[in-house]
Structure formats: C-alpha cells, structure tokens
Amino acid sequence: MSASKEGRHVSGAERIVGHGEISAVMNSLVARAMEKGAMPDMITVKIEDLGNSPLRQLRALDVVTVSTPDPLAGRSCASRILQQAGVGAAAAIAAIRFLSNGAAPSGGNMRGAIIMDSRNGERLEPDRERGVRASRIDWAEETFKKMRRALADLGLTHYRTLEALALATKIAHAPGVLAELCWSDEPDYTAGYVASIRTGYVRFPFLKKKGDPIGGRVFFIDRANLDLEGFINYLQKEPVMIAEIGTCRDPLTPEEYFLSGRRDFRIFSS
Ligand code: AMP
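Because the structure is predicted, anything quoted here is derived from the model rather than measured.

### Let's talk about the pattern of salt bridges
Next, step 1: The tally for this structure, following the rule as stated, stands at 13 salt bridges.
Next, step 2: A salt bridge links Arg-223 to Asp-117, with the shortest nitrogen-to-oxygen separation between them at 3.2 Å. One end of the pair, Arg-223, is in the loop between β11 (216–221) and α6 (228–237); the other, Asp-117, is in strand β6 (residues 114–117), with 106 residues separating them in the sequence.
Next, step 3: Under the relative-accessibility criterion, Asp-117 is labelled buried at 0%.
Next, step 4: Across the pair Glu-125 and Arg-123 runs a salt bridge whose closest N-O atoms are separated by 2.7 Å.

### Description of helix α1 (residues 22–35)
Next, step 1: Look at α1: 20 Å from first C-alpha to last across 14 residues, which is about the 20 Å you get at 1.5 Å a residue.
Next, step 2: Every buried residue belonging to α1 is among Val-25, Leu-29 and Ala-33, and all of these are buried. Along the axis of α1, the buried positions cluster into a sector of 80°, meaning they face one direction only. Summarising the geometry of α1, the exposed residues directed more than 90 degrees from the buried face are Ser-23, Ala-24, Asn-27 and Glu-35.
Next, step 3: For α1, the secondary structure elements touched by its buried residues are β1 (2–5), β2 (8–12) and β3 (42–44).

### What to know about α6
What sets the pattern is the α-helix's 3.6 residues per turn: residues three or four places apart point alike.
Next, step 1: Residues Phe-231, Ile-232, Tyr-234 and Leu-235 constitute the buried set of α6. Down the axis of α6, the sector holding all buried residues measures 155°, keeping them to one side.
Next, step 2: Here the buried face of α6 lies against β4 (56–59), β6, α5 (159–172), β8 (177–183), β11 and β12 (240–244).

### Structural notes on the side chain of Thr-65
Next, step 1: Relative to the elements of secondary structure, Thr-65 occurs in strand β5 (residues 63–65).
Next, step 2: Look at Thr-65 and you get buried, because its relative accessible area is 10%.
Next, step 3: Ignoring any residue separated from it by four or fewer positions in sequence, one finds Thr-65 in contact with Leu-156, Arg-203, Pro-205, Pro-251 and Leu-252.

### Observations concerning the site of the ligand
Next, step 1: Close to the ligand lie 14 residues, the nearest being Met-110, Gly-112, Ala-134, Ser-184 and Asp-185.
Next, step 2: At a separation of 2.8 Å, an oxygen atom of the ligand approaches a polar backbone atom of Met-110.
Next, step 3: Between Arg-160 and the ligand, the recorded distance is 3.2 Å, taken from a side-chain N or O atom to an oxygen atom.
Next, step 4: At the level of elements, α5 and β11 are the ones that each hand at least two residues to the shell around the ligand.
Next, step 5: In terms of residue class, the shell around the ligand is built from 6 nonpolar, 3 polar and 5 charged.

### Re the sheet that holds strand β10 (residues 200–204)
Next, step 1: In spatial order, the strands read β5-β10-β9-β8-β11-β6; together these 6 strands make up an open sheet with mixed pairing. If you trace the sheet from one side to the other, it starts and ends with β5 and β6, each paired once. Across the sheet, the mean angle separating the axes of adjacent strands is 20° when strand polarity is ignored.
Next, step 2: Pairing of β5 with β10 involves 3 bridges; the strand directions are parallel. When the bridges of β10 are listed, Thr-65 appears paired with Arg-203.

### Thoughts on the packing of helix α2 (residues 71–84) against helix α3 (residues 89–101)
Next, step 1: Axis separation between α2 and α3 bottoms out at 9 Å; the angle between their running directions is 140°. Of the possible angle classes, the one that applies to α2 and α3 is oblique. Judged by the sense of rotation from one axis to the other, the crossing of α2 with α3 is right-handed. Where α2 approaches α3, its residues Arg-75, Ser-79, Leu-82 and Gln-83 are matched on the opposing element by Ala-89, Ala-92, Ile-96 and Ser-100.
Next, step 2: Taken together, the residues that form the contact of α2 with α3 break down as 4 nonpolar, 3 polar and 1 charged.

### What about the packing of aromatic side chains?
Next, step 1: This model, assessed by the stated rule, comprises 2 aromatic pairs.
Next, step 2: Ring geometry for Tyr-257 against Phe-258: centres 5.2 Å apart, planes inclined by 85°, an arrangement best described as edge-to-face.
Next, step 3: Note on Tyr-257: relative accessible area 8%, which makes it buried.
Next, step 4: Taking NZ or CZ as reference, Arg-80 lies 3.6 Å from the ring centre of Phe-258, over its face.
Next, step 5: Above the face of the Phe-98 ring, Arg-123 is positioned so that its terminal group lies 4.7 Å from the ring centre.

Thresholds, definitions, all that
Residues numbered from 1 in each chain as written. Predicted model: local features only at pLDDT ≥ 70, side-chain atom pairs only at ≥ 80, totals over all residues. Heavy atoms only, no water. Salt bridge = Lys/Arg side-chain N within 4 Å of Asp/Glu carboxyl O. Helix = DSSP H or I, 4+ residues; strand = E, 2+ residues; numbered from the N terminus. Buried < 20%, exposed > 50% of the residue type's maximum accessible area, 1.4 Å probe, protein only. Expected span 1.5 Å × (residues − 1). Arc of directions from axis to C-beta. Contact = heavy atoms within 4.5 Å. Near = heavy atom within 4 Å. Polar contact = N/O pair within 3.5 Å; in protein donor to acceptor, adjacent residues only side chain to side chain. Nonpolar A, V, L, I, M, F, W, Y, C, P; charged D, E, K, R; others polar. Pairing = 2+ DSSP bridges. Axes fitted to C-alpha atoms, helices over the stretch in contact; angles between N-to-C directions. Parallel < 35°, antiparallel > 145°, perpendicular 65-115°, else oblique. Left-handed = near helix turned anticlockwise from the far one by under 90°. Phe/Tyr/Trp six-rings, centres within 6.5 Å; stacked < 30°, edge-to-face > 60°. Lys NZ or Arg CZ within 6 Å of the ring centre and 35° of its normal.

Following this line, the structure appears as structure tokens:
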C-alpha cells in the first residue's frame, strides 16, 4: 500500500499473505493509510502473486539499545560499531555525511537506500536519486506478536521499530552485505540503528536532532564478494518471512556495550 498527498508520499506498508487473507489484509492496509495525520488524496494497493518464489524464513536479528545521549555521541558510536562489523572508517564517515546532508544528488532524501563499497565509500546504486528499495518482507503472525511484546517490554512500542527490524534482518542476510546504517527522514523520529549479522540490531535513541527532516539508509557491501545484480534482485524480489524472534537486551551505555563486546571476544578466542 502506498498513500500520497499532493504528490508527496505519506505512508506505505506491505504484507505477505495467503490467498484467503487478501481482502481482509487489503482493508486493514487502507484503514492504516487513512489513520495517518495527513489524510491522503491517493491510496494505491498493489497485489502481486509471488508465484513459486521460495519463501525464505529468517530469525530476527538480536536487538540492543545503546543509550547515547545525543546525535553526536550516537553517530560516533554508530561509526565505531560499523567498523567492528568490517566497514572501513572512510566509508562510515562518508555514509554519515550523506545521511546528514540529504543523499539524493538533488539535495533531499532518497526513497531507497545507498549501496556503498565498505572499503572506500564509493556509491554503487544504479539510480542515485531514488536508491534501491528492499521489498517483500513480513513477519509471521505469531512471531510478530511475540516480537511486539518483547520490544514493548523494553519500552519500544513504535511500529517503525518492528518494520525496521524486519527490513534490517533481510538486508543483513544478503550475501556480500557487511552492515547497514539507518536513521529516519520523519522529523520527529530521532532513533536510528546499525545492523549486521555480527552485531545484531544496535539501536540509538538519537542519530539526529528532533525536527530534522533528513535521513536515509546505507547498505555496506564487500565488493569483492558481491554480485550487484543478484544483490538488487534479492532486495527487491526474494520474499522473506521473519519466523523467529531474536533476543532483546536491556539498554547499555556505550562503555557497557563495548566492554561486553570485548568479553564476548575473549570467550570466542579462548
Ligand atoms: P524511514 O525509516 O521509513 O523513515 O526511512 C528512512 C530512509 O530509508 C528513507 O528516507 C529511504 O531513504 C530509506 N528507505 C525507506 N524504506 C526503504 C526500503 N524499503 N528499502 C530501502 N531503503 C528504504
């Protein structure tokens, strides 16, 4: 479902469902589009048959919040964690700069993500204005309920967290991906994350100032091990269902987070 007002996108959502559920789910998506503050003047619902594409089932990434007090501390911590996930310092810096300034060449937000060479920060997405959009991702119904409860126990009740966690889980499992960095373009939503198989979904309460309308996503790839066309096909076409929840840890200070990482490393290396 995609809803817009005066040509501007205001909300969107997608589901993967069985034939029997199509009407009910379509109604709930339309209801959701109309719940939004700005009543849309156009709502489009597209229904696609996934045919014989195998439905890949994944376990959600583990979730932890690092309680950085402000965007500066959040971005510096995010950069350090990206580097732990194998991203070079130059690429981490370039990504943060793009997301701070508006990553589209015309200066604003992109609708999709940047694909970035994790060694040197080079951009590889074919269309820099739009970026690439990951699609065909959903939660299995019971898993969704369990995950919603687990996040709510930590005070994370915003629907965006669940949506972003599902998307980040799909991206992290793509061959050749090292990590992802995201913060929202929604002015009042200041949280963001770094996600990777190695670190899980590491959330920061502030990666930008309240009121800032600029955000975006960067997928960092290992160029030596990436088939770009196959990667974009995976993002856009391969259906993924999140069928198992991951762990949710209590929030950590940056010091606690990096210390706990070192402890894990010692156990791992002994
Ligand atoms: P949001 O978290 O929805 O505010 O999205 C933040 C930014 O992530 C947007 O400005 C887009 O650049 C990018 N983005 C949103 N949805 C997707 C998606 N499905 N695939 C790739 N990038 C996305």
